Amino acid sequence: MPAVGPVTACENVLHHFGKMKSRSGRTDRIEVAIVGGGCAAMAAAVELSRPQHRGKYHITVYQSGWRLGGKGASGRGPADRIEEHGLHLWMGFYENAFRLMRECYAELGRDPLKCRIADWRDAFVAEPFIGIGSEARRQWLAHFPPGDGLPGDPLTDYNPFTTSSYLVRSATLLRTLLASVPPTVDEPARQGRGPDPSTSAFDLNIASSAEMQATVRQYLKYGVLTTVTGLVSALRFVELAFRAAPLPGLNLLMPLLETVAENLNQQFAGVIADDPELRSVWEVVDLLLAFQRGALRFNLLSEPSGFDCLNAYDTREWLRLNGASERSINSDLMRGLYDLAMAYEDGDVRRPRMAAGLGLRACLRMFFTYRGAMMWKMQAGMGDIVFAPFYEVLKRRGVSFKFFHRLRNVSLGAPATEAPGHVAALEFDVQAEVKNADEYQPLIDIRGLPCWPSAPDYGQLVDGARLRAEGWEFESHWERRRSGAMTLQVGKDFDLVVLGVGLGAIPDVCGEIVASNPRWAAMVERVKTIPTQAFQLWLRTDMASLGWEGLPTTMSGFAKPFDTWADMRHLIREEKWPVRPRSLIYLCGAMREPPKTRRRESHNFAKRCREQVRDDAVAWIRSNLRTILPKSVNTSGKFRWELLVDPGESVGSRPSRDESRFASQFWTANVNPSDRYVLSVPGSIEYRISPLDYSYDNLTIAGDWTDCGLNLGCVESAFISGRLAAHAIAALPKLEDIIGYDHP
Ligand SMILES: Cc1cc2nc3c(=O)[nH]c(=O)nc-3n(C[C@H](O)[C@H](O)[C@H](O)COP(=O)(O)OP(=O)(O)OC[C@H]3O[C@@H](n4cnc5c(N)ncnc54)[C@H](O)[C@@H]3O)c2cc1C
C-alpha cells in the first residue's frame, strides 16, 4: 500500500499546441488521416472540419468494417431491432459530448415532419431514476431531481469543475442529508446543550484563518457537536469555509471534521442496523466526510495536479485512509460505482480497482455537476443517435470515409532514436472493394431515420455474394482475409495522423512505435483493458405484469456478471416486430479474462467467448431475473422462456418453453482487442500518453485510453480526447473551451 501523503503526478508529457508538421510543405490544404470511427475520432473530425478552418484540413476517415462507432457501435438486426455492444448511458456531466452532439443536430437541421429524431432533445431523454441493487435484492431506488440547465448549455461564470466547488457541494449535501434525518436520531440531544449554534454568529467568522480557528475552537469547546442541530450548524460553517477557499489555513477545519464524523458515528450506530434507508443515508454522509477530510489532508485545493495526485491509491483504499467505515466502503453504493465503471482488473469481480483521483472526480462530477438529469438515455441505438448524425454532418462538410480499411501498421520514418520522430506510412488491409470504386454508402433508412445495419450491404461490394457465402467477418480481429492492400505515404497521401483505434489494438498496429518507444511500451503494458459482455431481452409481457413496480429504471450493483441493467422499453417503438414485445431490458458487465492459453490467434477464440456469454446469460436469467421481475417465473420458480419474443415468430405461433429460446435474443462478447474496455487501475494513469504529446510530429492519438484528464472508459473521455487531438493539430478548440479539462 502506498504511504499516506500526496503523490506528485508524473509529468511525462511534452505539450505542444497546434504545431504539428506537414511534411509536404503544404500549409493551405493539410491531408489528415483519421484512423478509426469511434467517439474520439469523430470528435476530432468534427473539430477539424469546422467552417472556421476554411477547408484547411482535408480529412479522410479510415474504418475497418462497415460501420462507425467502435465500442459504441450499434446495428439494426432482424425486426429492425437495435443491437448494441452493451448498455450505453450518457451522464448529465458529459459537457463536451453533449455540446458536439447538439451542434451536430443543429447543423443537420432535420425536418421534424420527416424524421422523428430531428433535434437532440428527440435523441436523448432524461433518466432520473437510478437504482443500486445487490445479488439478493433490488434496493436504493433514487430519484435525482433535475439539475439546472441542460448538458452542453454554455457554462456560466461559475465553473463547477473545481475542487472547491466539489467541496462546497459535498458540504451542502451533507447538511441537507443530516437536516432530513428523522427524529429517532439523537432526540434528547436535539433539545440542545450549550449555546444554540443555529442562531450564533459562529458561522460568519471565517474572514481570516485566525477567526476560523477561533470558531472551530468554539464548536469543539461547547460540546454543541453532540446535537444534530449543532452538527448541521458546524457543517454549514464548513461549507462557508469551503466557499471562502482558497482561504489559507483551511486544514484548521480538520479537528472539527474529525469530531463531527466521530459524533455522527456514535449517533447513527444504534439506529442504522434495523433501518436500511437510514443506513444508506449514513453511508453517503460517512463517505462525504471521508472525502472532505482527505481533501484537506492531501491539500487538494492547492495541489497543482489536482485529484491526479491520488491515482496511486484505489478509491476504496483512499476513503478508508481518510476515515470512511468498512460498512460504507463496502456498501451497495460503492459497489454500484465500481460496477458502472466495470472497474475489475482482468474482469475478475474479486479484484475491484479504480484509481482514487479518477474515481472521486467521476463521482463528484456525476453527483454534483450534472445538468438536466443525472443520466440520459438514447431514443434509438447509439449508432443511430450519435454516429449516423456525425457521419451525415461530416459528409456534408466534405470529409471522406473509407470503410473496409483495416490499419495493419503505422510505419515510422525517422530513426527510432531521433525525437520527435514521424509517421512515414500507414499500411492498410483493404477488406473489401466497393463496386465501381465508389464510396461505400453505409446507412439504411428505417422509417425515415438513418441507421446502421448489423451487417454490411454486400450488394455494394465487389464479389459481395461470395464474401457473404464465405462468412467474412469484417469486424473480427482474427479475420485476416482481405481483398487487397494499400499503403499511404506521408507527404503524398497524408500529412497528419489522428490515431483513433482502441488501446487494445495499439500493440498490433503500432508494433514499431511500441518496440522503439519505452513510453508507448509502458503505456500498453500498464494501462489495462478487459473484455465485456452484454445481452438484450425482448419480453412479450409488460414490466408491471412481470412484477416490476415503478417507472423505468437503470440499476447498477446487481448480480454478477451482468450487474448493470436498464429498462429500455422505450426503444420497442423504434423496432418492427411481427409479434410486438412489451418489455425490453439491456444487461452488461465486465467479462472475466479468459485463461491466457485460450487467447489464441484464431477465430475460434471469439466464437468460444460468445458461447461462454450465452451460457452465462442463460444461467444468470435462471438465477437472478426473478429478483427484479418476480413474475417472470412459473410456480416452481423457473424462468418462463416462452416470454422471450423471437423476431422470426409469427402471430399465433406457439413459442418453445425451454432455454433454447434464448438463441433468438441478442448477446455479445466484446473480445476484439480494440473493443476491450479501458480500465483506470491505480498506478496506471501516469503511463497514459496525451493527445498533446509531441513524440511524433505528425501523429496525435485520440481515445478514452489517452491522458485526457478525465481518464475513464467513457464517452466523455473519448470526446475530450478527440477535441484535444484537434487542438494538437489546429490549436482549436482552445484548451479552456474543453469543458472540465482540468489537467495541469
Ligand atoms: C459494454 C460497454 C458499455 C459501455 N457503456 C458506457 C456507458 O454507458 N456510458 C459511457 O459513457 N461509456 C460507456 N462505455 C465506454 C464507451 O463505449 C467508450 O469509452 C467509447 O466508446 C470509446 O470511444 P473511443 O473512440 O475511445 O474508442 P472506440 O470506440 O474503441 O473506437 C475505436 C475505433 O477504431 C476502429 N479500429 C480499431 N482497430 C482498427 C484498425 N486496425 N483499422 C481501422 N479502424 C480500427 C474501431 O472500429 C473503432 O471505430 C461502454 C463500453 C462498453 C464496452
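Nothing here was measured: the structure is a model prediction, and the numbers come from that model.

Chemist: How should the overall build of the protein be read in this particular structure?
Modeler: Along the backbone of the protein there are 21 helices and 24 strands. In terms of overall dimensions, the protein is globule-like: its C-alpha atoms have a radius of gyration of 27 Å, near the 27 Å expected for 744 residues. Judged by the C-alpha coordinates and their principal axes, the protein covers about 90 × 70 × 55 Å. Burial statistics for the protein: of 744 residues in total, 60% are counted as buried.

Chemist: Would you mind going over the site of the ligand with me for this structure?
Modeler: The full set close to the ligand counts 36 residues, and Gln63, His88, Leu89, Tyr94 and Asp704 are the nearest of them. Gly500 is positioned such that a nitrogen or oxygen atom in its backbone is 3.5 Å from an oxygen atom of the ligand. Within the backbone of Val715, an N or O atom sits 2.9 Å from an oxygen atom of the ligand. In isolation the ligand exposes 1,000 Å². Once the protein is present, 93% of that is buried.

Chemist: I would appreciate a short explanation of the pattern of salt bridges in the present structure.
Modeler: On inspection of all chains with the given rule, the structure shows 47 salt bridges. In this structure, the salt-bridge partner of Arg67 is Glu475, at a minimum N-O distance of 2.7 Å. One end of the pair, Arg67, is in the loop between β2 (57–62) and β3 (74–76); the other, Glu475, is in the loop between α15 (464–469) and β15 (484–489), with 408 residues separating them in the sequence. Residue Glu475 is classed as partly exposed on the basis of its relative accessible area of 30%. One salt-bridge network, held together by shared partners, links Arg406, Arg408, Glu427, Asp429 and Arg482.

Chemist: How do you make sense of the sheet that holds strand β1 (residues 30–35) when you look at a structure like this?
Modeler: Adjacent strands of a sheet form backbone hydrogen bonds with each other and so pair up, either parallel or antiparallel. Read across the open sheet, the five strands follow the order β10-β2-β1-β16-β24; overall the sheet is parallel. In this open sheet, the two strands that pair with only one neighbour each are β10 (400–402) and β24 (699–701). Strand-to-strand twist of the sheet, defined as the mean angle between neighbouring strand axes without regard to direction, takes the value 20 degrees. Sheet topology note: the β2/β10 ladder contains three bridges and is parallel.

Chemist: Would you mind going over the nonpolar core with me for this structure?
Modeler: Generally speaking, nonpolar side chains in soluble globular proteins are found buried as a group. Grouped together as the largest cluster of nonpolar side chains are 183 residues, with contacts concentrated most on Val32, Trp90, Phe124, Leu253 and Val386. The contact partners of Val386, leaving out residues within four places of it in the chain, are Trp90, Met101, Phe124 and Met378. Of all hydrophobic cores here, the second largest spans 33 residues; its members include Met543, Cys609, Leu625 and Trp667.

Chemist: Is there a simple way to think about the environment of Glu593 in this case?
Modeler: Mapped onto the elements, Glu593 comes out in the loop between β21 (583–590) and α20 (603–628). The spacing of Glu593 and Thr529 is 64 residues in sequence and 9.7 Å in space, taken between C-alpha atoms. Within the structure, Glu593 has its side chain in polar contact with the side chain of Arg676 (distance 2.7 Å).

Chemist: Would you take a moment to explain the pairing of strand β11 (residues 405–412) for this structure?
Modeler: When a strand is regular, its side chains alternate between the sheet's two faces. Counting buried residues in β11 gives seven out of eight residues, a clear majority hidden from the surface. Judged from the seven bridges that link them, β11 and strand β12 (residues 423–430) form a sheet pairing that is antiparallel. Bridging across to β12, His405 finds its partner in Val430.

Chemist: Explain the confidence of the model for the protein here, please?
Modeler: Any residue range with low pLDDT should be treated as having predicted coordinates unsuitable for detailed reading. Taken over all residues, the pLDDT of the protein has a mean of 89, while the share at 70 or more is 90%. This stretch, residues 1–17, has a pLDDT under 50; its non-local contacts, to residues over four places away or in other chains, come to 41 contacts.

Chemist: Explain the packing of helix α2 (residues 95–108) against helix α21 (residues 715–730) here, please?
Modeler: Two quantities define a packed helix pair, namely the angle between the axes and the distance from one axis to the other. Remark: α2 packs on α21, axes separated minimally by 7 Å, with the N-to-C direction vectors making an angle of 70 degrees. Our classification of the angle between α2 and α21 gives roughly perpendicular. On α21, the residues touching Glu95, Asn96, Ala97 and Leu100 of α2 are Val715, Glu716, Phe719, Ile720 and Arg723. The residue inventory of the contact of α2 with α21, partitioned by class, reads five nonpolar, one polar and three charged.

Chemist: Quick question: what am I supposed to make of the environment of Pro420 here?
Modeler: On the secondary structure map, Pro420 appears in the loop between β11 and β12. Sequence separation of Pro420 and Ser22 is 398 residues, and the distance between their C-alpha atoms is 13 Å. The residues touching Pro420, leaving out its near neighbours within four places in the chain, are Tyr694, Ser695, Tyr696 and Asp697.

Chemist: When you look at the packing of aromatic side chains in this model, what are you seeing that I'm missing?
Modeler: Here a ring pair, both rings aromatic, is described through the centre-centre distance and the interplanar angle of the planes. A full pass over the atoms with the stated rule returns 36 aromatic pairs. Considering the side-chain rings of Trp90 and Phe98, the 5.3 Å spacing of their centres and the 70 degrees angle between planes classify their relative orientation as edge-to-face. The pair formed by Trp90 and Phe98 is uniform in burial state, with each residue classed as buried. In textbook terms, an aromatic cluster arises when at least three aromatic residues are bridged by ring pairs, as seen for Trp90, Phe93, Tyr94, Phe98, Trp120, Phe124, Trp376, Phe390 and Phe719. Here the basic side chain of Arg121 rests over the ring of Trp120, its NZ or CZ set 5.2 Å away from the ring centre.

Chemist: Help me understand helix α4 (residues 163–179) in this model?
Modeler: A turn of α-helix holds 3.6 residues, and therefore any two residues three or four places apart point the same way. For α4, which comprises 17 residues, the first-to-last C-alpha distance of 24 Å matches the rise-based estimate of 24 Å (1.5 Å per residue) to within 8%. What α4 keeps buried is the set Thr163, Ser165, Tyr166, Leu167, Val168, Ser170, Ala171, Leu174, Leu177 and Leu178. The secondary structure elements touched by the buried residues of α4 are α7 (228–243), α8 (254–272), α9 (276–297) and α13 (356–368).

Chemist: It is not clear to me how the state of the cysteines should be interpreted in this structure. Could you clarify?
Modeler: A covalent bond bridging the sulfur atoms of two cysteines is what the word disulfide describes. Scanning the model with the defined rule gives zero disulfides in all. Cysteine Cys39 shares no disulfide, and the gap to the nearest cysteine sulfur, in Cys714, comes to 9.4 Å. No disulfide involves Cys588; its nearest neighbouring cysteine sulfur is the one of Cys714, lying 14 Å away. Judged by its relative accessible area of 9%, Cys588 is buried.

Rules used throughout
- Along every chain, residues carry numbers that run from 1 in the direction the sequence is written.
- Owing to the predicted nature of the model, reporting of local features is limited to residues with pLDDT of at least 70; listing and counting of side-chain atom pairs is limited to 80 or more, with chain, interface and lining totals taken over all residues.
- Side-chain figures throughout are based on the complete set of non-hydrogen atoms in the structure, without hydrogens or water.
- Secondary structure follows DSSP: runs of H or I at least 4 residues long count as helices, runs of E at least 2 residues long count as strands, and numbering of each begins at the N terminus.
- Each radius of gyration is computed over the set of C-alpha atoms, and the globule rule expresses the reference value as 2.2 Å times the number of residues to the power 0.38.
- For every residue, the accessible area (1.4 Å probe, protein chains only) is compared with the maximum for its type, and the residue is labelled buried under 20%, exposed over 50%, or partly exposed between those bounds.
- Here a residue is considered near a molecule or strand provided that any single heavy atom belonging to it is located within 4 Å of it.
- Here a polar contact means two N or O atoms within 3.5 Å. Within protein one must be a hydrogen donor candidate and the other an acceptor candidate, and residues neighboring in sequence count only if both atoms are side-chain atoms.
- With residues, only the protein chains shown are counted as cover, and all accessible areas are computed by Shrake-Rupley using a 1.4 Å probe.
- A pair is scored as a salt bridge if a Lys or Arg side-chain nitrogen falls within 4 Å of a carboxyl oxygen belonging to Asp or Glu.
- At least two DSSP bridges between two strands are needed for those strands to be called paired.
- In this analysis an axis means a line fitted to C-alpha atoms, helices contributing only their contacting stretch, and an angle means the value between N-to-C directions, from 0 to 180 degrees.
- Take the buried residues of types Ala, Val, Leu, Ile, Met, Phe, Trp, Tyr and Cys, join any two whose side-chain atoms come within 4.5 Å, and each joined set is a nonpolar core.
- Only heavy atoms enter the contact rule, under which two residues are in contact if any of them lie within 4.5 Å.
- Each residue carries a pLDDT score, the predictor's own confidence in it, on a scale running from 0 to 100.
- Angles are sorted into four bins: roughly parallel if under 35 degrees, roughly antiparallel if over 145, roughly perpendicular if 65 to 115, and oblique for all others.
- When residues are sorted by character, Ala, Val, Leu, Ile, Met, Phe, Trp, Tyr, Cys and Pro go into the nonpolar class, Asp, Glu, Lys and Arg into the charged class, and all the rest, Gly among them, into the polar class.
- We call Phe, Tyr and Trp rings a pair once their centres come within 6.5 Å, taking the six-membered ring for Trp, and we label the pair stacked below 30 degrees between planes, edge-to-face above 60, and tilted otherwise.
- In this scheme, Lys NZ or Arg CZ marks a charge over a ring once it lies within 6 Å of the ring centre and within 35 degrees of the ring normal.
- A helix is expected to span 1.5 Å multiplied by its residue count minus one.
- Cysteine sulfur atoms are paired as a disulfide whenever they fall within 2.5 Å.

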